[in-house]
Structure formats: C-alpha cells, structure tokens
Amino acid sequence: MWEKSPKKGVLNGKGKVFWSDGTLSHNGTFLEGDLIFGKVYDEDGQLIEEGRFKNNRLNGKGTRYKNGKKYQVGQFKNGNFTGEGTVYFENGKKHMEGYFVNGMLEGQGKVYNSITNNLTLQGTFKKSKLHGRGIEYEYDTPDIVYEGMWREGLYHGKGTEYYTDGGYCSANFVNGEK
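An account of the accompanying structure is given in this report.

Reading guide: rules and limits
Residues numbered from 1 in each chain as written. Predicted model: local features only at pLDDT ≥ 70, side-chain atom pairs only at ≥ 80, totals over all residues. Heavy atoms only, no water. Core = buried A, V, L, I, M, F, W, Y, C linked by side-chain atoms within 4.5 Å. Buried < 20%, exposed > 50% of the residue type's maximum accessible area, 1.4 Å probe, protein only. Helix = DSSP H or I, 4+ residues; strand = E, 2+ residues; numbered from the N terminus. Contact = heavy atoms within 4.5 Å. Phe/Tyr/Trp six-rings, centres within 6.5 Å; stacked < 30°, edge-to-face > 60°. Lys NZ or Arg CZ within 6 Å of the ring centre and 35° of its normal.

Counting residues in hydrophobic clusters, the biggest one holds 20 residues, and the most contacted among them are Met-96, Phe-100 and Leu-105. For this core, the secondary-structure elements that each account for two or more residues are strand E3 (34-41), strand E7 (80-88), strand E8 (94-101), strand E9 (104-112) and strand E12 (144-151). Contact partners of Met-96, with chain neighbours within four places excluded, come to Gly-85, Thr-86, Val-87, Leu-105, Lys-110, Val-111 and Ser-128.

Take the packing of aromatic side chains next. Taken as a whole, this structure holds eight aromatic pairs when the rule is applied. Ring geometry for Phe-81 and Phe-100: centres 4.7 Å apart, planes at 40°, overall tilted. Of this pair, Phe-81 sits in strand E7 while Phe-100 sits in strand E8, and the two are 19 residues apart along the sequence. Take Phe-81 and Phe-100: they sit in the same class, and that class is buried. Ring plane angle 80° and centroid distance 5.4 Å describe the contact between Tyr-155 and Phe-173, whose orientation is recorded as edge-to-face. With Tyr-155 in strand E13 (residues 154-162) and Phe-173 in strand E14 (residues 168-173), the pair connects residues that are 18 residues apart, well separated along the chain. Each member of the pair Tyr-155 and Phe-173 is classed as buried. Aromatic ring contacts, followed pair by pair, group Tyr-146, Trp-150, Tyr-155 and Phe-173 into a single cluster. Across from the ring centre of Tyr-71, 4.7 Å away, lies the NZ or CZ of Lys-66, which sits over that ring. Lying across the ring of Tyr-88, Lys-70 places its NZ or CZ 4.6 Å from the centre.

In structure tokens form, the structure reads like this:
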C-alpha cells in the first residue's frame, strides 16, 4: 500500500510503502518502483536497513540493523556487506573493522572484544581469520600475546609469543604449535 497514489502504477520520487496491516515497510526515494535511497522496516516496524539501494538491495554506503541495533555499517554491493566497514556487537561496541567481502574480513582488519572493546586481533585476514602477518593482544589489556605469521587463524611461520612475566619465545610455528 502506497502513502500516495503512484503515477502510472509505479512510485517515483519520495514516498512510503506500508505492510498490509498499515505498518511502515519502506520510506525514501523511489525510481520506477524501486527504493534507491531510504529505510526498510520489518513487519514489526523495526528498522532493518538504511542507505543507498539498487534493485531493492543495499548498494553503496549503508547500515544494516539486527534486533533494532546497528550491526553492519559501511559499503554494500548487491545486498552483501562488501568494502570498508564496521561490524558491531549487540551491545553496540565495535566487533570488527576493515575490508569485508560478503560479510567476512578480507585483507587488513581489526577485531575487538565485546566487554572492554580492547583490540584483540590485528593484521591480514582471510574469511575473518588471521592469515598472513598479524598480532594477538591480551583480552583485557593492550599487551601483545603473539606477533608474527598466521594461517587460517593459527600461528604459522615465524613469530614471537610474549609472556606476562616479561619473557618471550621466538619460534617457527606450524598449525599453532612450536
């Protein structure tokens, strides 16, 4: 159901679309019936997406919401979270930031913990796992635990483990083992 009657049966320009029960579904700018900029709501009236759209999918800068809270903020392509962006925990704190491909960290990125929001992982990612050069930090402090090479989320190659007593061990790791 349209807020105002579309010309020739197709909504163009600013307008609103409603669910059959009268709850807002889409609010924004339309071109030939497709939302190109605006907001999308679920059947309960909660905001689920806002930004630029193409073929009724987020495309370009946008925000996706989960349970009414920011979840993904950044670049989208054909509805997929792809490009520079930030993912948030449900508590509103940063979870991951960097470059994403289909919602997964690819290339340089950072991962944070959900309680203190301290940086926990930083480096080169592949499918949201460290892969290449990276650093792991203590969960609740900025102290480095490991710095070196990774493969599929495991220490792999030359790296250094750092201990809380100030000591360290440089070694060649294979699949997380010295």
